[in-house]
Amino acid sequence: MFQMRNCVICLIAFFSNFAIAQTDQIRNPSKPKQAYFQQEVHYTINVALDDINHMLQADESIRYINHSPDTLTEIWFHLWPNGYKNTETAFAKQELLNGSTKFQFANENERGFIDSINFQVDGVSVSFIEDKNNIDFGKIILKKPLAPGAEITISTPFRVKIPSSKFSRLGHSGQQYQLCQWYPKPAVYDAKGWHAFPYLNQGEFYSEFGTFKVSITTPENYVIAASGDMEANPDEQKRIDENCVKTDSLKKEAPLKFGFNLPTPASSSTLKTVTYTLSDVHDFAWFADKKYHILKSSVVLPKSGRTVETYCYFADKDANDWFAAPQYVNDAVFNYSKWLGDYPYKVCKAVDGALSAGAGMEYPTITIIASQGDPIALDEVIAHEVGHNWFYGILGSNERDYPWMDEGSNSYYEERYMHLKYPNRNEIDAMVPRVGNTLLHTSDFAPNALRNLFYQFVARRNEDQSLALNSDQYSSMNYGAIVYKKTSNIYNYLAEFMGQDAFDEMMHLYYENWKFKHPQPEDFRLLVENFNGKSMPWLFDGLLGSINRVDYKICGFSKNNSKNYVSVRNAGQINGPVSVSGFKGDSVLTKWYDGFEGKKQLIFPLGDFDRYSVNATGAIPDFNPKNDEMHTSGILRKTGKIKLQVGTGIDYPRVTPIYVLPAIGYNMYNGLMLGGVLHNVGILRKHFEYQIMPLYSFNNKELAGATQFDYFIRPVNSCFRNVTLTASAERFALRYSPNYNRIVLGGTFDFEKRNESTKKSSSLNIRHIFIQSTPYLTSPEAESITQENNYNQITFNHKNSRASNPYSIKVDAQQGSTFAKVSATWNYRISYKQRNKGLDIRFFAGTFLWTSNDYNNGPDVRFRLSGQTGYQDYLFSDIYIGRQENSGLWSQQMTNTDGGFKVFSYRGQTTKYLATLNFKTSLPGRLPLKLYADLGTYENEEKDREIFNYNAGLIVSFIPDNFEVYIPLVVSKQIQSTLNLNTISFSERIRFVLNINAFNPARIFRTLDF
Ligand SMILES: [Zn+2]
């Protein structure tokens, strides 16, 4: 049966190759078609492990055959261990950009490098020229050009200092070794030229196919796990057999033998050398540990019936999860073979080890898996990494430039594998096992309903990126959400509308045509378009080449001339095929239609349906699932039932949830407040979001509370990424008067970022603030005075929230009936070589442009040296427990505005100018203690000009910047005199920041990044 099938495939392969040649000639009539070529490399490496100094001592010889039509005068080489050499490498910079300071702050002895390089070509020394920007690649200059068809032998000794495994892939954790990207390696030379690039964590590889013969020398008692097949070695075979655990005895021995970390034995003084060989691969990795246990199994391949031996190597602490690992490896090898083509190698191995580049990492015939702590997660990671033998190993695409071709394609098969083995598991289970679906009210969703969730999450925030980008151009969130997940969604889409069998046949053809080669995106496109017999720009230019959206919307339905019509509108920019389903009870009828623009009446089979739906199976990576369904009768036919749900959740077609949360509040004037929040802020951002929080105040027995309405505009191709129009209102009690009312209308304009991986962002906020309140006066007579004040405010914010030395700049202009003023605040952190420690420098300068000097009757809008206290917050921007207190604990709550002096003083209140410098520094040790010092100068209208003011003291920083207590130790003379005058005791001089706004869940959620 499968022989006949193979014949069919051969025929299709023949015709499609013919078609590829035809099409290419049509597209480039003047350019003769360059025949596909690839270079050939044969490595021989001898390497010895020094497990005291964590070094490798090695020599390497590569037979390099030039199959290109070009004469080569240089060969580019990667020296990737140098990526770990210092903080200036591309790897180091990317780590910092992605928010990790681990490598930046590492000790010298934790870093790594490669040295002792001395390249020779055919035995004659040649010069190696480092790339001008990168120390981890360069080129050797050939003394004699290498003609097409000719070959040379390139050799070099080399030494590698193995870095700590806490950074990335190559590394050691004590005496457990992960030898990945460890040897000098020529870059790929293909029809597009040389592909040399630095080592990166986010961004994978591209290498020449060939053979490896690697002889590894270690102390005798190491268990070695390496790519490929071990050459006959009876001693080593005996040791392996002794280390092999019988699966049936495994459960009995656990946890006694495996359940804890046994001490690492001393290394034996005798050495052993074990040799591994492998062909048709483009990389070689090995792992070594004295304590690995081995599980051995095998799997029979579905097409050829050949047997592949499988091995799992695991550490004591992960024994419980790894019992089942051989089955996971076998299942992955079997299913990928079935779906794509038989696994071509003799062995497949999975190794449990320390790794800091994701959950696992693939190498030919061997994968390294980080501790998972959950058997299903372990199955998923093993399947994914074993799957890379196809998408990376066998189909050797350029992962650095086109990461979707390996990670995305592989993710589709990984998800298919998981769906096969765990049909009820969804995306939420993968992220928040056990409780996630309950918390988000998604337990009764169809398992596939959420498969576009990651794409939708970023796209709805207007933060998605095209799949036509290099690995290092993605934000770390998008590397997962777009490269892995969106590609997988696109493959689902393709498979569903083509039909699974046709899709599998096509992918099998891709495998057969391109195995052990370097397929480019255009090769895949030609193959898919030829197989489908049509050009598919919606797929390759739209979904895979832009951030344009697919968004089909169901508009209505009708019956006419005994035909059933469903009216569907394309609200997106991509006209891919669309599925329409009609539901009657549990039965469903689905039909696919070719894509279209605008609105179309689609003829649907006749039937009596309760509801119609586009994309009912969730196969289309649809931007907005909310408009996908319509009931044929009843009210709320488009929105579905309105349902109260606790917390938050995900909007989906059949239900429009209103989320409810209990709310509790307290301030001195309202007393205890109880109420709730009604909102619609879900996981996926909507155009319109509301939060309504009514509170009952037990003190004045009145209604208090706050409400906010946001309208999000997501422009495409504009200088603004997001525009948010906001209307908010709040009402709370004051000390003597019943309530203040505050209404704010405004807009925030987030500027488009230069690129997605940058941590720099800028925004402009324009708002009008209306406040009706009593002025702050310390007498009950104030009750009868009500002031209404209007303010206009424009704020420009720019920040770089990078992991080391972050900074921000804020320029603020305010205007009211009695004043106009402008100020600038600059914050800069000099990060210390320790997580979350540093010196914070703040500079503030403000000046009035105009003032009526009537702040005794109007709002007191003066700049002041001291950070503001509750009653000085004339814009009612911050939350104070005792807003109008001038004595007692809650009068000591402050906000770091204006001069930001921590000690309270009437000194330095001005309608002229003010400038201050503020410093905060972390202290060594674990206690949350810091020191502060504030310096400032100002001039006020009383000509009370003070050149030099200062105060300094100790900070107890419970939550940096948001919950801190300031204890003054030193205060300048003039400030001191005002304090003495008012006989303020030491304890009253202590002030604190409690920024309740920072803990607003909706605000936290909206800025969430992962
Ligand atoms: Zn992967």
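Our subject is the structure listed above.
Residue indices begin from 1 for each chain and proceed along its sequence in written order. Side-chain atom pairs in this predicted model are given and counted only at pLDDT of 80 or more, local residue features only at pLDDT of at least 70, and totals for whole chains, interfaces and linings cover all residues. To obtain the side-chain values, all non-hydrogen atoms of the structure were used and water was disregarded.

Q: I'd like a rundown of the coordination of the zinc ion, residues and numbers included.
A: The donor set covers N, O and S atoms within 2.8 Å of the metal, switching to 3.2 Å for Na, K and Ca, and it leaves out water, so a site may look short of donors. Ligation of the zinc ion by protein atoms is provided by His384 (NE2), His388 (NE2), Glu407 (OE) and Glu407 (OE), these donors lying 1.9 to 2.7 Å from the ion. Taken together, the four donor atoms surrounding the zinc ion define angles of 53 to 157° at the centre, an arrangement classified as irregular. Note on His388: relative accessible area 0%, which makes it buried. For a four-donor site, all angles between 85 and 135 degrees give tetrahedral; for four or six donors, opposite pairs above 155 degrees with the remaining angles between 65 and 115 give square planar or octahedral; all remaining cases count as irregular. Only protein chains enter the area calculation, which uses a 1.4 Å probe; residues under 20% of their type maximum are buried, those over 50% are exposed, and those in between are partly exposed.

Q: Give a description of the side chain of Asp190 that names residues and reports values.
A: Considering the arrangement of structural elements, one finds Asp190 in strand S13 (residues 188-190). The side chain of Asp190 is buried and forms no salt bridge, while Lys192, the nearest opposite charge, is found at 6.2 Å. Contacts described as polar in this section are N or O atom pairs within 3.5 Å, which, within protein, must combine one atom able to donate a hydrogen with one able to accept it, while residues neighboring in sequence count only if both atoms come from side chains. Engagement of the side chain of Asp190 in a polar contact is seen with the backbone nitrogen of Lys192, the distance being 2.8 Å. Within the local environment of Asp190, its side chain forms a polar contact with the side chain of Tyr206, the two groups lying 2.6 Å apart. Residues are treated as being in contact if the distance between any of their heavy atoms lies within 4.5 Å. If we skip the residues at most four places from it in the chain, Asp190 touches Phe37, His195, Tyr206 and Gln520. By the criteria applied, helices consist of DSSP H or I runs no shorter than four residues and strands consist of E runs no shorter than two, each listed in order from the N terminus. Only four residue types enter the charge count: Lys and Arg as positive, Asp and Glu as negative, with His and the chain ends excluded. Throughout this description, the term salt bridge denotes a Lys or Arg side-chain nitrogen within 4 Å of a carboxyl oxygen of Asp or Glu.

Q: Could you give an account of the sheet that holds strand S8 (residues 137-146), naming the residues involved and the relevant values?
A: Sheet strands associate in pairs through backbone hydrogen bonding, adopting either a parallel or an antiparallel arrangement. Ordered by their spatial adjacency, four strands build an open sheet running S7-S8-S3-S12, and the pairing between neighbours is antiparallel. Strands at the two margins of the open sheet, each flanked by one partner only, are strand S7 (128-130) and strand S12 (185-186). When S7 meets S8, the two strands line up antiparallel, connected through three bridges. Following the sheet pairing, Ile129 is matched in S8 by Lys139. Strands are labelled as partners when DSSP assigns at least two bridges between them.

Q: Residue-level account of the packing of helix H13 (residues 500-514) against helix H14 (residues 521-532), with values.
A: Contact pair H13 / H14: the axes reach a minimum separation of 10 Å and the direction vectors enclose 140°. Here H13 is positioned oblique relative to H14, judged by the angle of their axes. With respect to the hand of their crossing, H13 and H14 are arranged in right-handed fashion. On the side of H13, the interface is formed by Ala502, Glu505, Met506, Met507, Leu509, Tyr510, Asn513 and Trp514, while H14 contributes Asp523, Phe524, Leu527, Val528, Phe531 and Asn532. Residue polarity is assigned by list, with Asp, Glu, Lys and Arg as charged and Ala, Val, Leu, Ile, Met, Phe, Trp, Tyr, Cys and Pro as nonpolar; anything else, Gly included, falls into the polar class. Residue classes in the contact of H13 with H14 are distributed as ten nonpolar, two polar and two charged. Here the axes come from fitting lines to C-alpha atoms, over the contacting stretch only for helices, and the angles between their N-to-C directions go from 0 to 180 degrees. To sort the angles, those under 35 degrees are grouped as roughly parallel, those over 145 as roughly antiparallel, those from 65 to 115 as roughly perpendicular, and the leftovers as oblique. Each crossing gets its handedness from the near helix: less than a right angle anticlockwise from the far helix is left-handed, clockwise is right-handed.

Q: Provide a residue-level description of H13, including the pertinent values.
A: Here H13 contains 15 residues, and its C-alpha end-to-end distance of 21 Å stays within 8% of the 21 Å for a straight helix at 1.5 Å per residue. Buried within H13 are the following residues: Phe503, Asp504, Met506, Met507, His508, Leu509, Tyr510, Tyr511, Asn513 and Trp514. Of the residues trailing H13, Phe516 is marked for its positive phi of about 60°. Here, expected helix span is obtained from the residue count minus one, scaled by 1.5 Å.

Q: Could you give an account of H14, naming the residues involved and the relevant values?
A: Residues separated by three or four positions in an α-helix point in the same direction, a consequence of the helix having 3.6 residues per turn. Over its twelve residues, H14 extends 16 Å from the first C-alpha to the last, a length consistent with the 16 Å expected when each residue adds 1.5 Å. At the exit of H14 stands Gly533, carrying a positive phi of roughly 70°.

Q: Report on the sheet that holds strand S31 (residues 629-631), specifying residues and quantitative values.
A: On the basis of which strands lie adjacent, the open sheet formed by four strands has the order S28-S27-S30-S31 and antiparallel pairing. Of all the strands in the sheet, the pair left with one neighbour each is strand S28 (587-593) and S31. For this sheet, the mean inter-axis angle between neighbouring strands, taken without regard to orientation, is 15°. The pairing of strand S27 (residues 578-584) with S28 spans seven bridges and is antiparallel. Residue pairing across strands places Lys584 opposite Ser587, the latter belonging to S28.

Q: Lay out the pattern of salt bridges with the relevant residues and their values.
A: Counting across every chain of the model gives 44 salt bridges. Note that Lys296 is salt-bridged to Glu309, the shortest N-O span being 3.7 Å. Of this pair, Lys296 sits in strand S20 (residues 293-300) while Glu309 sits in strand S21 (residues 307-314), and the two are 13 residues apart along the sequence. The salt bridge partner of Lys421 is Asp331, with a shortest N-O separation of 2.6 Å. Of this pair, Lys421 sits in helix H8 (residues 403-421) while Asp331 sits in helix H6 (residues 325-339), placing them 90 residues apart in sequence. By relative accessible area, Lys421 is classed as partly exposed at 27%. Each member of the salt-bridge network shares a partner with another, and the members are Glu220, Glu236, Arg239 and Lys272.

Q: I'd like a description of a nonpolar patch on the surface, backed by residues and values.
A: Here, patches come from residues exposed beyond 30% relative accessible area and free of salt bridges, joined within 9 Å for like charges and within 5 Å for nonpolar side chains (Val, Leu, Ile, Met, Phe, Trp, Tyr). All accessible-area figures derive from a Shrake-Rupley calculation using a 1.4 Å probe, and residue coverage is judged against the displayed protein chains alone. A contiguous nonpolar patch, built from Phe796, Ile809, Val811, Trp826, Phe843, Leu917, Leu935, Ile947 and Phe948 and spanning about 740 Å² of accessible area, is present on the exposed surface. Only strand S41 (807-816) and strand S50 (946-959) provide two or more residues apiece to the nonpolar patch. With respect to the helices and strands, Trp826 occurs in strand S42 (residues 819-831).

Q: Break down the packing of aromatic side chains for me, with residues and values.
A: Any pair of Phe, Tyr and Trp rings, taking the six-membered ring for Trp, is counted once the centres come within 6.5 Å. Such a pair is stacked with planes under 30 degrees apart, edge-to-face with planes over 60 apart, and tilted for the rest. Applying the stated criterion across every chain yields a total of 74 aromatic pairs. Plain terms: the ring middles of Trp182 and Trp286 are 6.1 Å apart, the flat faces sit at 80° to each other, and that makes the pair edge-to-face. Here Trp182, found in the loop between strand S11 (176-179) and S12, pairs with Trp286, found in strand S19 (residues 286-289); they are 104 residues apart in sequence, far enough to count as distant. Trp286 matches Trp182 in its accessibility class, with the two residues each being buried.

Q: An account of a positive patch on the surface is needed here, citing residue identities and associated values.
A: We put the charge of a Lys on NZ, of an Arg on CZ, of an Asp on CG and of a Glu on CD. A surface patch of like charges, here positive, comprises Arg569, Lys599, Arg637 and Lys638. Looking at where Lys599 falls in the secondary structure, it is placed in strand S29 (residues 598-604). Note on Lys599: relative accessible area 54%, which makes it exposed.

Q: I'd like to hear about unusual backbone geometry, residue by residue, with values.
A: Positive phi values are uncommon outside glycine, yet Thr365 reaches one of about 60°. With respect to the helices, strands and loops of the structure, Thr365 is situated in the loop between strand S23 (360-363) and strand S24 (366-369). For Thr365, a relative accessible area of 0% translates into the label buried. Residues other than glycine seldom take positive phi values, yet Asn462 does so here, at roughly 60°.

Q: Give a description of the pairing of strand S18 (residues 271-281) that names residues and reports values.
A: Both strand S15 (residues 210-219) and S18 contribute to a ladder of ten bridges, which runs antiparallel. Bridging across to S18, Val214 finds its partner in Tyr276. As defined by bridge partners, strand S17 (residues 229-230) adjoins S18 across two bridges and the pair is classed as antiparallel. Bridging from a neighbouring strand, Met230 pairs with Tyr276 of S18.

Q: Report on the nonpolar core, specifying residues and quantitative values.
A: Core analysis: the biggest nonpolar cluster contains 182 residues, and Trp182 and Trp286 have the highest contact counts within it. Here this core takes twelve residues from helix H12 (residues 476-498), the largest share from any one element. Residues in contact with Trp182, not counting those within four places in the same chain, are Ile45, Val47, Leu56, Pro81, Ile114, Phe158, Val160, Leu170, Val214, Phe284, Ala285 and Trp286. Definition of nonpolar core: a set of buried residues of the types Ala, Val, Leu, Ile, Met, Phe, Trp, Tyr and Cys, connected through side-chain atoms within 4.5 Å. Judged by nonpolar contacts, the second largest core, of 28 residues, contains Met673, Leu695, Tyr791 and Phe819.

These values are about where atoms sit, not about what they do.
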